[in-house]
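Each chain, letter by letter, is given below.
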Amino acid sequence: MALLDYFLRKKEKQVTTASKAKERLQIIVAHERNNRNKQPDYLPQLTEDILNVLRKYVQISDKSLSINLDNKGGELNVLELNIELQDENNPD
Amino acid sequence: MARIIVVTSGKGGVGKTTSSAAIGIGLALKGHKVVLIDFDIGLRNLDLIMGCERRVVYDFVNVINGEATLNQALIKDKRVSSLSILPASQTRDKDALNKENVGRVLEDLGKRFDYIICDSPAGIEAGAMMALYYADEAIVTTNPEVSSVRDSDRILGMLASRSRRAELGLEPIKEHLLLTRYSPKRVEEGEMLSVEDVEDILAIPLLGVIPESQAVLKASNAGEPVILDVESDAGKAYQDVIDRLLGETVEFRFLVAEKKGILSRLFGG
């Protein structure tokens, strides 16, 4: 019977439990990573608007503004705004 | 500056303490000054795996609370003199550790040791967060099994967002994958995720593959970390891990099943 098993096993390899495991993991891990890094849809627009307001008063490049929404656990969300102002005497 | 390495996993029972013990001994045998810290407050076990459970007088929490000095609490390993162990407390006081007091102890230890190995508790609660907070490197211990891989990925998320390095915007924690309880035979039969599968999913560099081995249980029974069993497959695999941690390139072993002879294939067995 061992001989028979040996040949039959080759065919079964098409859908092994290991490949099922890998497929399921890839899906769930991708999903969870997505949630982890999720930022609300309005962030790009908000960034753009803030930049425009700032530009009324100071010269500022796109890169000098970083905006970040951080979930501090539970219901507390912190919107973090980081604006780098250029040195007026030494713009680069 | 001491290298602070956390041995972590998310899921319990995957081999964090076994690996911490082996890595601690292995690095010390190479002549480095090493301290092993048990962060599993309330459920200490590193002392048992290291075989020094009867020498515990003071623990990590005693040091934090100022009830003992580091010198009083550190247990010097009887086999390798450059290795010390800082045991966890057995009394459950989950608020005992915080960033400030753990930071102070690690800073003190950093002056005396080359390597600080933090054996993390399972889970993603405060204890596990404390163990990884100050890490420079992380050894993510994973079994080739769905729940373990998923939990490891969660821990990778924590390393990238909740560590000191993440909070200060420093260079991220260097991550290593340590795959344990690997059975090449079951992989070949399609019953177990392969090294490549796990690497694909977690996408971090592979530090080592420890085969499923009877030597591991024997080692913990005796309180002699498995790396000291130099003839065993697991002992050799941990030895390779040490060499890789120290920057050497070592070929991976124990990734293919031993081939059966033609007779046993035909007649079973």
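Residues numbered from 1 in each chain as written. Chains lettered and ligands numbered in written order. Predicted model: local features only at pLDDT ≥ 70, side-chain atom pairs only at ≥ 80, totals over all residues. Heavy atoms only, no water.

Let's talk about the overall build of chain B
Okay, step 1: When helices and strands are counted, chain B shows 13 helices and eight strands.
Okay, step 2: The C-alpha radius of gyration computed for chain B amounts to 19 Å, which stays within 12% of the reference 18 Å derived for 269 residues, consistent with globular compactness.
Okay, step 3: Along the first, second and third principal axes, the C-alpha set of chain B runs to 70 × 40 × 35 Å.
Okay, step 4: Long-range pairs, those at least 24 residues apart, make up 73% of the contacts in chain B with a sequence separation of at least 6.
Okay, step 5: Counting only carbon and sulfur atoms, one obtains 49% of the accessible surface of chain B, whose full area is about 12300 Å².
Okay, step 6: Averaged over its 33 positive side-chain charges, chain B has a centre that lies 3 Å from the centre of its 40 negative ones. (Helix = DSSP H or I, 4+ residues; strand = E, 2+ residues; numbered from the N terminus. Rg over C-alpha atoms; globule rule 2.2 N^0.38 Å. Contact = heavy atoms within 4.5 Å. Areas by Shrake-Rupley, 256 points an atom, 1.4 Å probe, with all protein chains shown as cover. Lys, Arg positive; Asp, Glu negative; His and termini not counted. Charge placed at Lys NZ, Arg CZ, Asp CG, Glu CD.)

Observations concerning the nonpolar core
All names here are of chain B.
Okay, step 1: By size, the foremost hydrophobic cluster in this structure holds 56 residues, and its most contacted members are Ile-37, Phe-39, Phe-60, Leu-86, Val-102, Leu-109 and Ile-116.
Okay, step 2: Sequence-distant contacts of Val-102, defined by excluding residues within four places in its chain, comprise Phe-39, Phe-60, Ile-64, Leu-97, Met-130 and Tyr-134.
Okay, step 3: Ranked by size, the runner-up nonpolar core spans 35 residues in total, among them Met-50, Val-80, Ile-139 and Val-241. (Core = buried A, V, L, I, M, F, W, Y, C linked by side-chain atoms within 4.5 Å. Buried < 20%, exposed > 50% of the residue type's maximum accessible area, 1.4 Å probe, protein only.)

Regarding helix H2 (residues 17-36) of chain A
Along an α-helix, residues three or four apart share an orientation, since each turn contains 3.6 residues.
Okay, step 1: The first and last C-alpha atoms of H2 of chain A sit 28 Å apart over 20 residues, in line with the 28 Å expected at 1.5 Å per residue.
Okay, step 2: Of all the positions in H2 of chain A, only Ala-18, Ala-21, Lys-22, Leu-25, Val-29 and Glu-32 of chain A are classed as buried. One face of H2 of chain A carries all of its buried residues, which in axial projection span an arc of 110°. In H2 of chain A, the exposed positions that point more than 90 degrees away from the buried face belong to Lys-20, Glu-23, Arg-24, Ile-27 and Asn-34 of chain A.
Okay, step 3: Where H2 of chain A is buried, its residues meet helix H7 (146-161) and helix H10 (195-202) of chain B. (Expected span 1.5 Å × (residues − 1). Arc of directions from axis to C-beta.)

A few points about the packing of helix H1 (residues 16-29) of chain B against helix H12 (residues 233-245) of chain B
All names here are of chain B.
Okay, step 1: Running from N to C, H1 and H12 point in directions that differ by 60°, and their axes come no closer than 9 Å. The angle between H1 and H12 falls in the class oblique. The interaxial crossing formed by H1 with H12 has right-handed handedness. Of H12, the residues touching H1 (which contributes Thr-18, Ser-19, Ala-22, Ile-23, Gly-26 and Leu-27) are Tyr-238, Val-241, Ile-242 and Leu-245.
Okay, step 2: For the contact of H1 with H12, the per-class residue count stands at seven nonpolar, three polar and no charged. (Axes fitted to C-alpha atoms, helices over the stretch in contact; angles between N-to-C directions. Parallel < 35°, antiparallel > 145°, perpendicular 65-115°, else oblique. Left-handed = near helix turned anticlockwise from the far one by under 90°. Nonpolar A, V, L, I, M, F, W, Y, C, P; charged D, E, K, R; others polar.)

A word on the packing of aromatic side chains
Residues and elements named next belong to chain B.
Okay, step 1: Under the defined criterion, the tally for this structure stands at two aromatic pairs over all chains.
Okay, step 2: The interplanar angle of 85° and the centroid separation of 5.2 Å between the aromatic rings of Phe-39 and Phe-60 together place this pair among those described as edge-to-face. Of this pair, Phe-39 sits in the loop between strand S2 (34-38) and helix H2 (46-50) while Phe-60 sits in helix H3 (residues 60-64); the two residues are 21 residues apart in sequence, bridging distant segments of the chain. Phe-60 carries the same exposure label as Phe-39, and that label is buried.
Okay, step 3: Pairing Tyr-133 with Tyr-134 gives two aromatic rings, centres 4.8 Å apart and planes at 85°, and the pair type is edge-to-face.
Okay, step 4: Judged by its relative accessible area of 9%, Tyr-133 falls in the buried class.
Okay, step 5: A relative accessible area of 17% places Tyr-134 in the buried class.
Okay, step 6: The lysine or arginine in question, Arg-244, covers the ring of Phe-252, its NZ or CZ lying 3.8 Å from the ring centre. (Phe/Tyr/Trp six-rings, centres within 6.5 Å; stacked < 30°, edge-to-face > 60°. Lys NZ or Arg CZ within 6 Å of the ring centre and 35° of its normal.)

Comments concerning the confidence of the model for chain B
Okay, step 1: Across chain B, the average pLDDT comes to 94, with 97% of residues at or above 70.
Okay, step 2: Overall fold confidence for the complex sits at a pTM of 0.82, while the interface term, ipTM, reaches 0.85. (pLDDT = per-residue confidence, 0-100.)

Topic: the packing of H2 of chain A against H7 of chain B
Okay, step 1: Viewed as axis vectors pointing N to C, H2 of chain A and H7 of chain B meet at an angle of 20°, and their least axial separation amounts to 10 Å. Taken together, H2 of chain A and H7 of chain B sit at an angle that is classed as roughly parallel. At the point where H2 of chain A passes H7 of chain B, the crossing takes the right-handed sense. Where H2 of chain A abuts H7 of chain B, its residues Ala-21, Leu-25, Ile-28, Val-29, Glu-32, Arg-33 and Arg-36 of chain A lie against Val-146, Val-149, Arg-150, Asp-153, Arg-154 and Gly-157 of chain B.
Okay, step 2: Counted by class, the contact of H2 of chain A with H7 of chain B contains six nonpolar, one polar and six charged residues.

Regarding the sheet that holds strand S1 (residues 3-8) of chain B
Residues and elements named next belong to chain B.
Okay, step 1: Ordered in space as S3-S4-S2-S5-S1-S6-S7-S8, the eight strands form an open sheet in which the pairing is mixed. Where the open sheet ends on each side, the last strands, each with one partner, are strand S3 (75-76) and strand S8 (206-211).
Okay, step 2: Note that S1 and strand S5 (residues 115-119) share five bridges and pair parallel. Paired with Ile-4 across the bridge in S5 is Ile-116.
Okay, step 3: Sheet contacts for H10: strand S6 (137-142), strand S7 (174-182) and S8; angle to S7, the most-contacted strand, approximately 150°. (Pairing = 2+ DSSP bridges.)

Considering the pattern of salt bridges
Okay, step 1: Scanning all chains against the criterion turns up 18 salt bridges over all chains.
Okay, step 2: The salt bridge involving Asp-62 of chain A is made with Arg-55 of chain A; its shortest N-O contact spans 2.6 Å.
Okay, step 3: Residue Arg-79 of chain B is joined to Glu-224 of chain B by a salt bridge in which the shortest nitrogen-to-oxygen separation is 3.6 Å. Of this pair, Arg-79 of chain B sits in the loop between S3 and strand S4 (83-86) while Glu-224 of chain B is found in the loop between helix H11 (214-222) and H12, placing the two residues 145 residues apart along the sequence.
Okay, step 4: A relative accessible area of 31% places Arg-79 of chain B in the partly exposed class.
Okay, step 5: A single salt-bridge network, built from bridges that share partners, covers Lys-22 of chain A together with Asp-197 and Asp-200 of chain B. (Salt bridge = Lys/Arg side-chain N within 4 Å of Asp/Glu carboxyl O.)

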